[in-house]
Amino acid sequence: MHSFSPPSRRSFGLRLLSGDTPGHPVASFLMAVLVFVLAFAPLLFAGTRAVATAARVAIFVVLAASYDLLLGYTGIVSFAHTLFFGLGAYGVAIALAGSGPSWSALFVGSAAGIGFAALLGIGIALLSLRVRAIFFSMITLAVASVGQVLASQLHDITGGEDGLTFSVPPLLSPSFHPFTEPVLGVRIDGRLNTYYLIFVVSLVLFLLLLRLVNSPFGRVLRAIRENEFRAEALGYRVVVYRSLASAIAAAMAAIAGTLMALLLRYNGPATTLSFSIMIDILLMVVIGGMGTLYGPAIGAALMVLAQYYLEPALQFLAELTAPFPLLSAVFQPDRWLLWLGFLFMLVVMYFPAGIVGSLRARGLYSQTR
Amino acid sequence: MKPSERTLPVLLVLLIAALGFAAMPFTDWLTLSAAGLAMGMMLFLMVAGLTLIFGLMDVLNFAHGAFITFGAFAAGTVFARFPQLVASDRWEENLLILALAALAAALLSGALGFGFERVAIGRVYGAHLRQILLTTGALIVAEQLAIVIWGPDAIPVLKPAGLRGSFLIAGAAIEKYRVVAALFGLFVFLLLQGILAHTRIGIIVRAGVENREMVEALGYRIRPLFAGVFVAGAALAGVGGAMWATYAATVTASLGSDLTVLIFIVVIIGGLGSVGGSFLGALLVGLVTNYVGFLAPKLALLSNILLMAAILLWRPRGLLAAGGR
């Protein structure tokens, strides 16, 4: 679509992105900054908190991008994405808490979580998409709430509301110090290893998603999104494609969940299953730009930044409007979701393409003129 | 739809009641059935509008729960404003305050529905994806606004004095308020069915659910009709929320989003677009929730999902889907 050239003449960089660039200088710049900051976060920021935030951004990039596969490319709204996120995290947490910090437990646990998530993704899709795509949204909502309740009720397995705290394999643990002195000004320790594990896996998954949506499979998904009947008439089994997309998105979300569990060395219902995370994902994907993959990535970074800066800004406004109680109540720092919700509605109504989609449209417009 | 296909779902409700009867002592069964009926009728009030809106304009409103929340808060506010009527020992004053609360709930939610249809829903006709996103955003905003207006903490909703407590029938304790709620829900159902079956507007609404283009081709403007149904549905959801909060004796801003899952299950079971279907679906959910909660408390949370899955396997479009949906 954008800067499309025959495969043989494409540069390595373009091949890495599957020929799909952000499509506008501003979007490319934002993406470059994001990748640069994430790649060198441990060098750029001193505190462990800042690095943990960078890791969180990387994980949410994968989570939001995998959700975009469903929302933006396949045109179905799922509310169960956090359930799959949680399944991956619980897979790791249960395995490591149960049988100690070994790599084999980590692999078995994540494989179980990811596999179960993919199967559940297919199951929900087959049950609901057989009828109407709109059932899918309603049923995923119901299934997600069941998952949340089960996680807090099955106390013996999941640790209930308290969740599970566990140790990770020594190589990833904060107490791992191979060198007593910093190397090139950076302390090599388990935290650093964990960070780069998260970064590399996230980067690979994002590139995989780019590859996927620019493959013939992704093209069929977009065809279904644009016109379901025509795709069916052309001979594509719509249910099969949608179910596969659901399974792939579920598996990717589960991998993001395993990364989250490794980062926090803890998992509970509030950290991976809560509905507020689902809302965060929706905001990231829609505000960033559905159906672009880059949009959700930028959206994820913006959301994490917004959570840092919006609350102080609202605090300021609340103090400024203190003489007017109702106005001041609207600007309470706890009400940041109100403003993001409004922003979300405005984007859906007036800029359905989101940040990256709108930028791309402007880029195309100026080129054709 | 053949008559036999219509009677089977009714038989299913009776079958569930009979299974419950066989599985537990009679007094428990009676208490739980009354509870299930009341819960079902309150759910029906909440979903009637939702299913009609979908049937008429293919609009699925994820923000429907917001009308429930605001209705519940309106009722709580009315009860708090007239404590002497709430505490009065004269039953007509108790019913008066209950009616006032329901009226306030209907007015507030109806007005919200009117504004929401005007400002937001009208822009996303025919685009399911954007509808779901927009209405989900609206649910978030509405919940936050409810917190701004009524605060983040739960607000007590005192039921009128005469409706507290329970009475005994054949040794089974039945709460008075549940009987009132069930009777009121049944009344609304019959009223709705009457309007839909026998008035001119009802006939156009039913025809619109079956085939909108044909009704438009015959010269009826369906858009204002839809707006009317949307407002009426929102008002009913507000009344349902008021009844629910009065029963639960408390209301929080998350009431609507908490109930969203349950009302969607009811709508899916009933078949999108069918008032009769959602009536049966609400009854099924109410009865099954109460029976399973008694017989196997651990299964209670899963029971509604399992019920929905079973019904979708039997009838993929729900019990009584309308308009070939």
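Cut-off values and rules
Residues numbered from 1 in each chain as written. Chains lettered and ligands numbered in written order. Predicted model: local features only at pLDDT ≥ 70, side-chain atom pairs only at ≥ 80, totals over all residues. Heavy atoms only, no water. Helix = DSSP H or I, 4+ residues; strand = E, 2+ residues; numbered from the N terminus. Rg over C-alpha atoms; globule rule 2.2 N^0.38 Å. Buried < 20%, exposed > 50% of the residue type's maximum accessible area, 1.4 Å probe, protein only. Axes fitted to C-alpha atoms, helices over the stretch in contact; angles between N-to-C directions. Parallel < 35°, antiparallel > 145°, perpendicular 65-115°, else oblique. Left-handed = near helix turned anticlockwise from the far one by under 90°. Contact = heavy atoms within 4.5 Å. Buried area = accessible area lost by both parts, 1.4 Å probe. Salt bridge = Lys/Arg side-chain N within 4 Å of Asp/Glu carboxyl O. Polar contact = N/O pair within 3.5 Å; in protein donor to acceptor, adjacent residues only side chain to side chain. Core = buried A, V, L, I, M, F, W, Y, C linked by side-chain atoms within 4.5 Å. Pairing = 2+ DSSP bridges. Patch = residues over 30% accessible without salt bridge, like charges linked within 9 Å, V, L, I, M, F, W, Y side chains within 5 Å. Areas by Shrake-Rupley, 256 points an atom, 1.4 Å probe, with all protein chains shown as cover. Phe/Tyr/Trp six-rings, centres within 6.5 Å; stacked < 30°, edge-to-face > 60°. Lys NZ or Arg CZ within 6 Å of the ring centre and 35° of its normal. Expected span 1.5 Å × (residues − 1). pLDDT = per-residue confidence, 0-100.

Q: Mind showing me how you'd approach the overall build of chain B here?
A: When helices and strands are tallied, chain B shows 13 helices and 4 strands. Expected size for 325 residues packed as a compact globule is a radius of gyration near 20 Å; at 19 Å, chain B falls within 12% of this value. Considering only C-alpha atoms, chain B reaches an extent of 60 × 45 × 35 Å along its principal axes. Looking at the 325 residues of chain B, the share that counts as buried comes to 55%.

Q: What's the story with the packing of helix 6 (residues 103–129) of chain A against helix 12 (residues 238–264) of chain A in this structure? I'm lost.
A: Packed helices, taken two at a time, are described by the angle their axes make and the gap between the axes. Residue and element names in this part refer to chain A. Look at helix 6 against helix 12: their axes get within 8 Å of each other, and the N-to-C directions meet at 150°. Judged by the angle between their axes, helix 6 and helix 12 are roughly antiparallel. The element helix 6 and its partner helix 12 pack so that their crossing is right-handed. Together, L106, S110, G113, I114, A117, A118, G121, I122, A125, L126 and L129 of helix 6 and V239, R242, S243, S246, A247, A250, A251, A254, I255, T258 and L262 of helix 12 make up the contact between the two elements.

Q: What's the story with the interface of chain B and chain A in this structure? I'm lost.
A: It is common to report an interface's size as the accessible area lost on association of the parts. Counting from both sides, the interface comprises 40 residues of chain B and, opposite them, 40 residues of chain A. For the chain B and chain A pair, buried surface summed over both sides reaches about 3,600 Å², with 85% attributable to carbon and sulfur atoms. Inspection of the chain B/chain A interface yields 0 salt bridges. Viewed at the interface, chain A and chain B are joined by 4 residue pairs in polar contact (both at pLDDT 80 or more). At the level of secondary structure, the elements contributing two or more residues to the side of chain B that touches chain A comprise helix 5 (91–119), helix 6 (128–150), helix 11 (255–270) and helix 13 (300–314) of chain B. A total of 15 residues in the side of chain B that touches chain A trace back to one element, the largest contributor, which is helix 6 of chain B.

Q: Would you explain the nonpolar core in this entry?
A: One recurring pattern in soluble globular proteins: nonpolar side chains tend to sit buried together. L71(A), F206(A), L43(B), F116(B), W244(B), I269(B) and M308(B) are the most contacted members of the largest nonpolar core, which has 225 residues in total. The leading source of residues in this core is helix 2 (residues 26–57) of chain B, at 20 residues.

Q: Quick question: what am I supposed to make of the pairing of strand 3 (residues 172–175) of chain B here?
A: The side chains of a regular strand alternate, first on one face of the sheet and then on the other. Residues and elements named next belong to chain B. The side-chain alternation of strand 3 yields one buried face, formed by A172 and I174, and one unburied face, formed by A173 and E175. Pairing geometry for strand 2 (residues 166–169) and strand 3, over 4 bridges, is antiparallel. The partner of F167 across the bridge, within strand 3, is I174.

Q: I'm lost on the environment of A80(A) in this one. Help?
A: Residues and elements named next belong to chain A. Relative to the assigned elements, A80 resides in the loop between helix 4 (48–74) and helix 5 (81–99). With relative accessibility at 0%, the residue A80 sits in the buried group. Sequence separation of A80 and G121 is 41 residues, and the distance between their C-alpha atoms is 8.8 Å.

Q: Help me understand a nonpolar patch on the surface in this model?
A: Nonpolar side chains collect at one region of the surface, where F36(A), F40(A), L43(A), L44(A) and F45(A) lie side by side and expose about 470 Å² of accessible area between them. Along the chain, the position of F36(A) falls in helix 2 (residues 25–39).

Q: Even after reading the chapter, I still don't get the packing of aromatic side chains, so can you show me in this structure?
A: In this description, an aromatic ring pair is defined by two values, namely the gap between the centres and the angle between the planes. In this structure the tally under the stated criterion is 25 aromatic pairs over all chains. One aromatic cluster in this structure is built from F79(A), F275(A), F62(B) and F264(B). The side chain of K159(B) reaches across the aromatic face of Y177(B), ending 5.7 Å from its centre. The positively charged end of R315(B) is found above the aromatic ring belonging to W314(B), 4.6 Å away from the centroid.

Q: When you look at the packing of helix 7 (residues 176–198) of chain B against helix 12 (residues 275–295) of chain B in this model, what are you seeing that I'm missing?
A: Residue and element names in this part refer to chain B. Close contact between helix 7 and helix 12 brings their axes to 11 Å; oriented N to C, the two are set at 165°. It follows from the interaxial angle that helix 7 and helix 12 lie roughly antiparallel. The handedness of the crossing between helix 7 and helix 12 comes out as left-handed. For the pair helix 7 and helix 12, contact is made by L186, F189, L192, Q193 and L196 and by V275, G276 and F279, respectively.

Q: Help me out: how do you make sense of helix 10 (residues 222–248) of chain B in this one?
A: With 27 residues, helix 10 of chain B extends 38 Å between its outermost C-alpha atoms, agreeing within 8% with the 39 Å of an ideal straight helix rising 1.5 Å per residue. One or two steps after helix 10 of chain B, the chain reaches A249(B), where phi turns positive at roughly 70°.

Q: Please explain unusual backbone geometry as it appears in this structure.
A: With glycine set apart, most residues show a phi of negative sign, and most peptide bonds adopt trans. All names here are of chain A. For R265, which is not glycine, the phi torsion reads 55° and is therefore positive. In this structure, R265 sits in the loop between helix 12 and strand 2 (266–267). The phi torsion at L293 lies on the positive side, around 60°, for a residue other than glycine. Mapped onto the secondary structure, L293 falls in the loop between helix 14 (275–288) and helix 15 (294–320). By relative accessible area, which is 0% here, L293 ends up buried.

Q: Before we go on, may I ask you to explain helix 12 of chain A in this structure?
A: Structurally, the α-helix is built with 3.6 residues per turn, so residues lying three or four positions apart point the same way. If you check helix 12 of chain A, its first and last C-alpha atoms are 39 Å apart, about what 27 residues at 1.5 Å a residue would give, namely 39 Å. Of all the 27 residues making up helix 12 of chain A, 20 are buried; the element is thus mostly covered by neighbouring parts of the structure.

Q: Help me understand the confidence of the model for chain A, please; the structure alone is not making it clear to me.
A: For chain A, per-residue confidence averages 86 on the pLDDT scale, and 94% of positions sit at 70 or higher. When pLDDT is averaged over each element of chain A, helix 12 of chain A comes out on top at 94 and helix 18 (residues 354–368) of chain A at the bottom at 75.

Q: Sorry if this is basic, but what is going on with the environment of R206(B) here?
A: All names here are of chain B. By the element assignment, R206 lies in helix 8 (residues 200–210). Residue R206 is classed as partly exposed on the basis of its relative accessible area of 42%. Those residues in contact with R206 that sit more than four places away from it in its chain are L196 and A197.

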